[in-house]
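# Residue-level structural notes
Chain by chain, the residues run as shown.
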Amino acid sequence: MNGPHTGVDAPSSGLDVGPPRPGTRHADETPRAHTKLRAALAGQPNVGKSTLFARLTGTALETGNWPGKTVERREGRVTLGAGTALRIVDLPGTYSLSTASDEERIARDYVLLERPDVLAVVLDATALERGLYLLAELMLLPVPVVVALNRIDLAERAGTPVNATALAEALGISVTPVIARTGQGLTELTAELQRVAAARESLPLIAFEVDQETSHLLQRAGVLVAPHVRVPYPPRWVAHKLVEGDAEVAALVRSWLPEVEHDALAQLLADAEPAGMALAGARYAWAGRAARCAVGDQTASAGHHVWTDRIDRVALHPLFGVLGLGVLSYGVYDLTQRVSGPLQDLLDGWRSALGERAGAAAARYGPWAQGFVEQGLFESVGLLVTFLPVLAVFFLLFALLEDTGYMARAAFVLDRSLSKIGLRGKSFLPMFVGAGCNVPAVFGTRVIESRSARLLTILLVPLVPCSARLIVLAFLVPPFFHAYAPAVSIGLITLNIAVIALLGWALSRLFFRGERQSFVMELPRYSVPSLTAVGISVWTKLKAFLRDAGTMIVVIALAVWALSAFPGGPAGSGPAIESSYLARIGRFLEPLGAPMDMDWRLIVAILTGFIAKEVVIATLGVLYATASEESLVSTMQASISPATALAFLVITMLFIPCVGTVAAMRREAGTRWMLFGTALLLAVSYLFGIGVYELASLAGLDRIMGAG
Amino acid sequence: MRASNPNQPLPLCSLLELRRGARAVVRGFEGTDGPATRALAQRLVAMGLPIGGEAEMLVQRGRGPVLVRAREARIALGQDEARCVRVEALAPIAQIAATPVIQPAAARGELGSDRRTDSQ
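Residues numbered from 1 in each chain as written. Chains lettered and ligands numbered in written order. Predicted model: local features only at pLDDT ≥ 70, side-chain atom pairs only at ≥ 80, totals over all residues. Heavy atoms only, no water.

Tallying each qualifying case throughout the model produces 29 salt bridges over all chains. A salt bridge links Asp309(A) to Arg69(B), with the shortest nitrogen-to-oxygen separation between them at 3.4 Å. In this pair, Asp309(A) is assigned in helix α12 (residues 306-315) and Arg69(B) in strand β4 (residues 66-70), connecting two distinct chains. When sorted by exposure, Asp309(A) lands in the same class as Arg69(B), which is buried. Counted as one network, the salt bridges with shared partners bring together Glu137(A), Lys241(A), Glu244(A) and Arg283(A). (Salt bridge = Lys/Arg side-chain N within 4 Å of Asp/Glu carboxyl O. Helix = DSSP H or I, 4+ residues; strand = E, 2+ residues; numbered from the N terminus. Buried < 20%, exposed > 50% of the residue type's maximum accessible area, 1.4 Å probe, protein only.)

Structure follows, in C-alpha cells:
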C-alpha cells in the first residue's frame, strides 16, 4: 500500500552487524534459576493493568518509589507452586517509550537495564491498535514478550471479538486472553509467563514497512552506530530512537561514537524530523495489519459507546459538570467525616487508656519517664493513629471515584478555570486529595507531566484546607462567632481558595512565565471499580503517609514535647510550661503578634501546629490550663477578642503546613522549593492575619460579637 | 513539526475548528514552538492520533478543552494543543453513509500511515 517507495526496516537490513555482544538477543545468557524468575508488566494507561496486577499478586506486594524518581514502584509475587515464585514489577503505564516523562524513562530503562526474564504487555481488546503501537516499541527491546489480551468480554459485547490465536500468529508471540476484572485467564497467563521466562524464548524480529528514505536512514544510522553500541542497548532500537529524535539516546550515542563518525551521523539525522513521524506511521501500519488479522474488518457496533457518552453529556457540561463535581466533593467529605469520626473517637479512647497505663508503669522510673511516655510518646504516635481513619476513608472514596474513570472528567471541566492561575486540569486531582490530607496531595502531583505545573501545584497544595484544619475550625469558630459561625467557617475556606487563585496567578507570572502548560489527557471509559485495585491503592497511599510523614511527625512531636517540658518539668501545664523553652520562644516572638493583639500563647499554638494542625487545639488546651473543653473555651473567650481570634484562625489556615507536608514538599520539589514555599506561606499568612485583624477592627467585629 | 503538505489538494484546518460531530483525518502538527510541538506530536500519535488517523469531535464548546474520539480512545486537548493539529475535514456522517468517500492518494509524507482502518 505504500507504493513504489516502500522499503522494509527489518533486522536483515544490516542493523545487527558488528561484533556479537551479549544481550543483542536472548540466545545469550545462561538460563536463570527457576526459583527467581522476574517478570514485568507493561501497558498503556487505562488498559486495566493495575487491576491485572492486583489480581495477579493480591496482597503479596511491596510498594515504594523508583530510585531517584517520584514515581510509584510496585512489585509483587506470584507463587507458582513447587517452591517457585514469580516476581512481577508493575511498570508505569505509558503510551509509548520516548523520554517525554519519568514514567516512560523508567519503563524503558527497567526493561533495558534490569532485563526481566519476561515482559507481559497488557493490551485492551477494545482498543487493540493503539496497544499494539506500544508493543511495536517494546518488541525492539531485548526481552521476551507475552501479550495479556484484556477485556475480551467487552470487545465481544461491542461486536468486535478478538481472535487471540490469530493475533498470536500475526505477532509471532504468545497471546493469552484475560478478563482482569473477573480474574479469568490468569492461571493461563502465569503459566505462560513462567514458560517463556524459563525458556527465555527469543522474540521474532518484527519488520516495519517504511518509505525508502526512512528505511535508508534507519539502515545508515544502524551501520554507523552498531560497532560502538554498548551493552545493553540493542543497535536496531538505538537506530530507531535516533531517527525518532530521542534526546537521551542521542546523548548516549554522542558519548560512544568517535567524533568523525558522530559528525557523519549528525549530518545524516539533520533532516530526519519527518522520518520520526513516518516511523510512528509504520508502527501503526504494523499494528493495523496485526489487528485486522485478529478482528477482521468488522467495526464496532453503534451502541458501543452509548453509556460513556451519555454520562459525559452531563459530566463534561460546563455548568452541570461543575455542579455535579461540587455535589460529589461535598458527598465525599461528608461521608469521610461521618464514617471516620466514630472510628477516630474509638482509637483515641484506646490510645489515651493505653497511654495512661503505660505512663503508670513508667512512673516508677520517675516523673520524667511518666511524662515522656504519656505525653510525649503516646501523644505523638497516637496523633498518627487517630489520623488513619480519616485518611483511609477519604482515600477509599477517592480511589473508587478514580477507578470509575470520573476523576479525569473533573479535570476536564475545571481545566479552563485552572488555566487562568497557571495550572491545568490535572492539578485538580492532587488538590482534591489535599482536602483530605496535604501529604498525599503533594505526592499526588506526580500525575502532572510538566515540571513547572507540578512545582506550582506543590506550592499551592498546602493552602488546600485539609481535614485537620477543618477540625480546628469546627472547634474554635462556634464559641467565638455564635450565630455567624457557619458564615465565618465558609469565609475562611473561601479565603484559602482565593489565596490559592491569587498566588497561582502571581507565581505563574513571576516564576513560570512563558512556560505554556499543555493539557492532553485520555478520558477512559466509565467502568465499575475493581475492589482489589482500590484496596491496593488505599493501602499504598496509607503506607506512603506513614513512611514519609509518620516518622517526621513523631520526631517533631517529641521535640516539641521536650521544648514544652524543659527545663521546668514534665507536668506539661501551669507554671512548668510557662517557664519552658517553648514559652520562651513564644515570648521572644510576641512582638510579631502585637499588631493582632496576640500573646505568646497563641503564637506557641500556631508554632506547634507545625506538627499537625489539630495539635493547635491540644496546645491551647495546655496553655490555657484547663481540664475540660468547656472551660478552655470560656477561658479563651475571656482573654481573646473576636478580631484576634479571627486573625488567629486565618493564620492557622494559611500558615506553613504540617511537618509531614513540608517533608513531602522537600522530597518532591527539592530543598530550595520547599524553603521557598515555607517562606512564602509564612509571609502570606502573616500579612493576611494582620489585614483581616485590621478589617475586623474597622468593621467593629468585637462590638458585633459582644452584642450577639 | 512538519507543516501541511504543499501538494495537498484539500484545504486543511486545525482540529480546533471542527464542530461537534465532525470527523477529520490528521495531516500534520504545526506550532510556533518547535521542540514543544514535536513532543506534543509524539504524545498524540502514541495516544491514537497518528498522521493519517481519523478523529471525531465529541465536545467543542468554543471555550475550554475539546474532546475527540480517535481509535477507540477519548482524548481531551486544550485549545492550544488542538490548534496545533492540522486536519482535513471529512464530509458529515450522513453523506458518508450515502456515498462512500474515497480518500485522496497518499501524499509522500504520509507513507506508513495506516489508511485502511482509518477510512470507513
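Spatially, β10(A)-β5(B)-β4(B)-β3(B)-β2(B)-β6(B)-β1(B) is the arrangement adopted by the seven strands of the open sheet, whose pairing is antiparallel. Among the strands making up the open sheet, the edge pair consists of β10 (520-522) of chain A together with β1 (13-14) of chain B. Strands β3 (54-59), β4 and β5 (73-77) of chain B of the sheet are contacted by α12(A), whose axis makes an angle of about 25 degrees with β5(B). Helix α1 (residues 34-47) of chain B rests against β10 of chain A together with β2 (23-29), β5 and β6 (85-89) of chain B of the sheet, and its axis sits at about 10 degrees to β10(A). (Pairing = 2+ DSSP bridges. Contact = heavy atoms within 4.5 Å. Axes fitted to C-alpha atoms, helices over the stretch in contact; angles between N-to-C directions.)

Moving on: the interface of chain A and chain B. Opposite the 50 residues of chain A that make contact, chain B presents 42 residues. Taken together, the two surfaces of chain A and chain B that pack against each other cover about 4,100 Å², and 55% of this comes from carbon and sulfur. For chain A, the biggest contributors to the area lost against chain B are Met277(A), Tyr284(A) and Val520(A); these three give 16% of the whole. Along the contact surface separating chain A from chain B lie three salt bridges. In this structure, Asp309(A) and Arg74(B) form a salt bridge, with 3.2 Å as the shortest nitrogen-oxygen distance. Counting every contact that joins chain A to chain B gives 13 residue pairs in polar contact (both at pLDDT 80 or more). Listing elements by their share of the side of chain A that touches chain B, those giving two or more residues are α3 (128-138), α11 (273-295), α12, α15 (406-419) and β10 of chain A. Top contributing element to the side of chain A that touches chain B by residue count: α11(A), with 10 residues. Counted by class, the side of chain A that touches chain B contains 17 nonpolar, 15 polar and 18 charged residues. (Buried area = accessible area lost by both parts, 1.4 Å probe. Polar contact = N/O pair within 3.5 Å; in protein donor to acceptor, adjacent residues only side chain to side chain. Nonpolar A, V, L, I, M, F, W, Y, C, P; charged D, E, K, R; others polar.)

A full pass over the atoms with the stated rule returns 14 aromatic pairs over all chains. Between the aromatic rings of Phe428(A) and Phe432(A), the centroid separation amounts to 5.6 Å while the plane-to-plane angle is 55 degrees, which identifies the pairing as tilted. Taken together, the positions of Phe428(A) and Phe432(A), both in helix α16 (residues 428-434) and four residues apart, correspond to about one turn of that helix. Residue classification places Phe428(A) among the buried positions, given a relative accessible area of 13%. With relative accessibility at 3%, the residue Phe432(A) sits in the buried group. Sitting over the face of the ring of Trp600(A), Arg587(A) holds its NZ or CZ atom 4.5 Å from the ring centroid. The ring of Tyr284(A) is capped by Arg71(B), whose NZ or CZ atom sits 4.4 Å from the centre of that ring. (Phe/Tyr/Trp six-rings, centres within 6.5 Å; stacked < 30°, edge-to-face > 60°. Lys NZ or Arg CZ within 6 Å of the ring centre and 35° of its normal.)

Burial analysis of α3(A) places 11 of its 11 residues in the buried class, which makes it a mostly covered element. When α3(A) is considered as a whole, its buried residues turn out to be Leu128(A), Glu129(A), Arg130(A), Gly131(A), Leu132(A), Tyr133(A), Leu134(A), Leu135(A), Ala136(A), Glu137(A) and Leu138(A).

All right, on to the sheet that holds strand β6 (residues 118-124) of chain A then. Residues and elements named next belong to chain A. Ordered in space as β3-β4-β5-β2-β6-β7-β8, the seven strands form an open sheet in which the pairing is mixed. Edge strands, defined here as strands with exactly one partner in the open sheet, are β3 (61-65) and β8 (175-177). Sheet twist, expressed as the mean angle between neighbouring strand axes with direction ignored, is 25 degrees. Direction of pairing for strand β7 (residues 145-150) relative to β8: parallel, over a ladder of three bridges.

Looking at chain A as a whole, its pLDDT mean stands at 83, while 90% of the residues score no less than 70. This model gives residues 12-34 of chain A a pLDDT under 50, and the stretch forms 47 contacts once residues within four places in sequence are excluded. (pLDDT = per-residue confidence, 0-100.)

Turning our eyes to something else, we now look at the domain arrangement of chain A. Interface size is often expressed as the accessible area that is lost when the parts come together. Residues and elements named next belong to chain A. When cut into domains, chain A gives domain 1 (30-199), domain 2 (320-466 + 483-514 + 530-541) and domain 3 (548-707). Here the C-alpha centre of domain 2 lies 33 Å away from the C-alpha centre of domain 1. Residue-level contacts link 13 residues of domain 1 with six residues of domain 2. Each partner contributes to the roughly 910 Å² buried at the junction of domain 1 and domain 2, and carbon and sulfur atoms together form 57% of this total. For the pair domain 1 and domain 2, the number of links is zero salt bridges. (Domains from an automatic or database assignment.)

So, about a positive patch on the surface. Taken together, Arg310(A), Arg313(A), Arg20(B) and Arg61(B) make up a surface patch of like positive charges. Tracing the sequence through the fold places Arg313(A) in helix α12. (Patch = residues over 30% accessible without salt bridge, like charges linked within 9 Å, V, L, I, M, F, W, Y side chains within 5 Å. Areas by Shrake-Rupley, 256 points an atom, 1.4 Å probe, with all protein chains shown as cover. Lys, Arg positive; Asp, Glu negative; His and termini not counted. Charge placed at Lys NZ, Arg CZ, Asp CG, Glu CD.)

What follows is about the packing of helix α19 (residues 467-481) of chain A against helix α20 (residues 485-510) of chain A. Residues and elements named next belong to chain A. Contact geometry for α19 and α20: axes closest at 9 Å, N-to-C directions at 140 degrees. As summarised for this structure, α19 and α20 are arranged oblique, according to the angle between their axes. α19 and α20 meet at a crossing whose hand is right-handed. Touching Arg469, Leu470, Leu473, Val477, Pro478 and Phe481 of α19 are Ala485, Val488, Ser489, Leu492, Ile493 and Asn496, all from α20. Its residues assigned to classes, the contact of α19 with α20 shows nine nonpolar, two polar and one charged. (Parallel < 35°, antiparallel > 145°, perpendicular 65-115°, else oblique. Left-handed = near helix turned anticlockwise from the far one by under 90°.)

Below, the discussion takes up unusual backbone geometry. All names here are of chain A. Cis geometry is adopted by the peptide bond preceding Pro232, which originates at Val231 and carries an omega value of 5 degrees. Relative to the elements of secondary structure, Pro232 occurs in the loop between α7 (212-225) and α8 (235-244). One non-glycine residue, Arg115, adopts positive backbone phi at about 50 degrees. With respect to the helices and strands, the residue Arg115 is situated in the loop between α2 (102-114) and β6. A relative accessible area of 8% places Arg115 in the buried class. At Arg151, a residue that is not glycine, the phi angle is positive and equals roughly 60 degrees. Mapped onto the elements of the fold, Arg151 is located in the loop between β7 and α4 (152-157).

As a further point, take the packing of helix α28 (residues 642-654) of chain A against helix α30 (residues 671-698) of chain A. Residues and elements named next belong to chain A. Across the interface, α28 lies against α30 with an axial gap of 8 Å and an inter-helix angle of 160 degrees. Between α28 and α30, the angle falls in the class roughly antiparallel. Pair α28 / α30 crosses with right-handed handedness. Facing α28, whose interface residues are Ala643, Thr644, Leu646, Ala647, Val650, Ile651 and Leu654, α30 presents Leu681, Val684, Ser685, Phe688, Gly689, Val692, Tyr693, Ala696 and Ser697. Within the contact of α28 with α30, the residues separate by chemical class into 12 nonpolar, four polar and no charged.

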